[in-house]
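# Summary of structural features
Here are the chains, one letter per residue:
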Amino acid sequence: MAEQQEQERPGEVPQGADDALGYEHARDALLEVVRQLENGGTSLEESLALWERGEQLAKVCQRWLDGARARLDAALAAEEGTGAGE
């Protein structure tokens, strides 16, 4: 019964749906989660759910940042490759 309740948390976005979030949207949602946690006034259950959501959002942001870094590194490497013959 407890497992069923955990799976049916209202307002929770399925993990695969996070992949469709843009960086800015995920960052803004993460900031809102942090604000809610800092303001307090939530039950332990709500705080844990917010923390878990914050962890998911932080991972989405990190994936975007890692992807951006990889693109920059690839562009710089390509630029160095074309500039080496000059």
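Conventions and cut-offs
- Residues numbered from 1 in each chain as written.
- Predicted model: local features only at pLDDT ≥ 70, side-chain atom pairs only at ≥ 80, totals over all residues.
- Heavy atoms only, no water.
- Helix = DSSP H or I, 4+ residues; strand = E, 2+ residues; numbered from the N terminus.
- Contact = heavy atoms within 4.5 Å.
- Areas by Shrake-Rupley, 256 points an atom, 1.4 Å probe, with all protein chains shown as cover.
- Expected span 1.5 Å × (residues − 1).
- Core = buried A, V, L, I, M, F, W, Y, C linked by side-chain atoms within 4.5 Å.
- Buried < 20%, exposed > 50% of the residue type's maximum accessible area, 1.4 Å probe, protein only.
- Salt bridge = Lys/Arg side-chain N within 4 Å of Asp/Glu carboxyl O.
- pLDDT = per-residue confidence, 0-100.

Turning next to the overall build of the chain. Scanning the chain for helices and strands turns up 3 helices and 0 strands. Tracing the chain from N to C terminus, the helices and strands come up as α-α-α. The long-range fraction of contacts in the chain, counting pairs at least 24 apart against all pairs at least 6 apart in sequence, stands at 75%. When the accessible surface of the chain is split by element, carbon and sulfur atoms take 54% of a total near 6,900 Å².

Moving on: helix H2 (residues 23–39). Relative to the 24 Å expected for 17 residues at 1.5 Å per residue, H2 spans 24 Å between its end C-alpha atoms, a close match to the ideal helical length. Following H2 by one or two positions, Gly40 adopts a phi angle in the positive range, close to 70°.

So, about the nonpolar core. General note: in soluble globular proteins, nonpolar side chains tend to be found buried as a group. Core analysis: the biggest nonpolar cluster contains 7 residues, these being Leu21, Ala26, Val33, Leu50, Leu57, Val60 and Cys61. If you list the elements that add at least two residues to this core, you get H2 and helix H3 (44–83). Of all the elements, H3 adds the most residues to this core, at 4 residues. Dropping the residues within four chain positions of it, Val60 is found in contact with Asp18, Leu21 and Ala26.

One pass over the structure, following the stated rule, counts 3 salt bridges. A salt bridge links Arg27 to Asp28, with the shortest nitrogen-to-oxygen separation between them at 3.2 Å. Residue class for Asp28 comes out partly exposed when judged on its relative accessible area of 41%. The salt bridge involving Asp73 is made with Arg69; its shortest N-O contact spans 3.6 Å. Of the two residues, Asp73 and Arg69 both sit in helix H3, 4 residues apart, roughly one turn of that helix. Its relative accessible area of 40% is what places Asp73 among the partly exposed residues.

Let us look at the confidence of the model for the chain. Averaged over all residues, the pLDDT of the chain is 83; the fraction at 70 or higher stands at 74%. For the chain, per-element mean pLDDT is lowest for helix H1 (residues 2–7), which scores 40, and highest for H2, which scores 97. Taken together, the stretch residues 1–13 has pLDDT below 50 and engages in 4 contacts with residues farther than four places along the chain or on a different chain.

What follows concerns the environment of Ala58. With respect to the helices and strands, Ala58 occurs in helix H3. Classification of Ala58 as partly exposed rests on a relative accessible area of 32%. For the pair Ala58 and Leu30, spaced 28 residues apart in the sequence, the C-alpha separation amounts to 6.9 Å.

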